[in-house]
Amino acid sequence: MTFTLQGRELGPQDLGFIRQLISEHPDWSRWKLSKALCQAWNWRNPTGQLKDMAGRTLLLKLQQRGHLQLPARRQVPASRMRQTRVESVDWDQSCLQSPLRALGSLEVAEVSQDRSQRQQVACALKEFHYLGFAGAVGENLHYTVRSDQGRLLACLVFGSVAWKCQSRDAHIGWSADQRRRNLHLLTNNTRFLILPGVRVPHLASWVLGSVCRRLSCDWQAKYGHPIHLVETFVEQQRFVGTSYRAANWICVGSTTGRTRQDRDRLIQAPVKDVFLYALEGRFRELLCA
């Protein structure tokens, strides 16, 4: 029997190899095991780096499903968000009510590799976004939008997409094998926040348009591959997706009220509309290759 984890198809031979690796090296840490596994499989991202985090996640999921037993953790895992203390920010929440054109030149910046600005994005999302923020998953980019006076007006985070999404997958028209090969060519707009006090008509759609025009190039620069399609989920009971619609995103359906971890169909989650935005006109041809 074969199954897919972390985008890899695994069969009895793969499981046997991993169990043998653990048995032959009982003194190895989980980190060393995942690194050795990635090297043995030559499991790398498009820039040639070992997919170490994907390897560690795969091993943990195999243990959770009863396929193997990993060595005990040597330290409590902590995300980058928890490792670094995010200082409180004295936010400018004064009312900024203005036509978009009157704001002058706005600065849009990708800040995922700038520690200070990345922390400020995290702090803003944790304080003001209704979902909070516990860090991005997988490959990710963070954007800020600032006024010419330096005031933070908006921030966005893009990260890993859902492994399966019925309406999205139907819109693309790809097979399960094509999805497995090409899912990394999609990203999810996991967070979008206009800061409190900022009341500028059309700013949200302008921000989405400005970021999407550079998103694929920024992804290529950081990870060595482009992005062809962007998705986001808009909670039906809270929003109607006005800003996304104004920025020419299309609603292709809705979710079923399950989460990505709900294999047993027991978790009830809010129903969300699924919005997509194509960054490449030939996205179907490229994603179905």
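Residues numbered from 1 in each chain as written. Predicted model: local features only at pLDDT ≥ 70, side-chain atom pairs only at ≥ 80, totals over all residues. Heavy atoms only, no water.

Draft legend 1. Local environment of the overall build of the protein. Counting its secondary structure elements, the protein contains 10 helices and 11 strands. Sequence separation of at least 24 residues holds for 69% of the intrachain contacts in the protein that already meet a minimum separation of 6. For the protein, the accessible area works out to roughly 16000 Å², and carbon and sulfur atoms hold 47% of it. Computing the positive centroid from 40 side-chain charges and the negative centroid from 24, the protein places the two 3 Å apart. (Helix = DSSP H or I, 4+ residues; strand = E, 2+ residues; numbered from the N terminus. Contact = heavy atoms within 4.5 Å. Areas by Shrake-Rupley, 256 points an atom, 1.4 Å probe, with all protein chains shown as cover. Lys, Arg positive; Asp, Glu negative; His and termini not counted. Charge placed at Lys NZ, Arg CZ, Asp CG, Glu CD.)

Draft legend 2. Summary view of the pattern of salt bridges. Overall, the coordinates contain 10 salt bridges when judged by the stated rule. Residues Asp169 and Arg179 are paired through a salt bridge, measuring 3.6 Å at the closest nitrogen-oxygen approach. Pair noted here: Asp169 is in helix 6 (residues 166-172) and Arg179 is in helix 7 (residues 176-182), with a separation of 10 residues, a long-range link. Judged by relative accessible area, which is 12%, Asp169 ranks as buried. A salt bridge links Arg181 to Asp177, with the shortest nitrogen-to-oxygen separation between them at 2.3 Å. (Salt bridge = Lys/Arg side-chain N within 4 Å of Asp/Glu carboxyl O. Buried < 20%, exposed > 50% of the residue type's maximum accessible area, 1.4 Å probe, protein only.)

Draft legend 3. Focus on the packing of aromatic side chains. The tally for this structure, following the rule as stated, stands at 9 aromatic pairs. Plain terms: the ring middles of Trp219 and Tyr223 are 5.6 Å apart, the flat faces sit at 40° to each other, and that makes the pair tilted. Placement of both Trp219 and Tyr223 in helix 8 (residues 203-223) is noted, with a separation of 4 residues, approximately one turn of the helix. Given the relative accessible area of 1%, Trp219 is considered buried. Note on Tyr244 and Phe275: the rings are 6.0 Å apart at their centroids and 35° apart in plane angle, and the pair reads as tilted. In this pair, Tyr244 sits in helix 9 (residues 242-246) while Phe275 sits in strand 11 (residues 272-278), placing the two residues 31 residues apart along the sequence. For the pair Tyr244 and Phe275, one class covers both residues: buried. (Phe/Tyr/Trp six-rings, centres within 6.5 Å; stacked < 30°, edge-to-face > 60°.)

Draft legend 4. Spotlight on the confidence of the model for the protein. Model confidence for the protein is summarised by a mean pLDDT of 89, while 91% of its residues fall at 70 or above. Note on residues 77-84: pLDDT under 50 across the span, and 11 contacts to partners over four residues away in sequence or across chains. (pLDDT = per-residue confidence, 0-100.)

Draft legend 5. Representation of the sheet that holds strand 9 (residues 229-235). Spatial ordering of the open sheet is given by 4-5-6-7-9-11-10, a layout of 7 strands whose pairing is mixed. The open sheet has two edge strands with one neighbour each: strand 4 (107-110) and strand 10 (250-254). Neighbour-to-neighbour, the strand axes of the sheet open up by a mean angle of 25°, direction not taken into account. The strands touched by helix 8 within the sheet are strand 4, strand 5 (141-146), strand 6 (152-159), strand 7 (186-194), strand 9 and strand 11, with strand 5 carrying the most contacts at an inclination of about 140°. (Pairing = 2+ DSSP bridges. Axes fitted to C-alpha atoms, helices over the stretch in contact; angles between N-to-C directions.)

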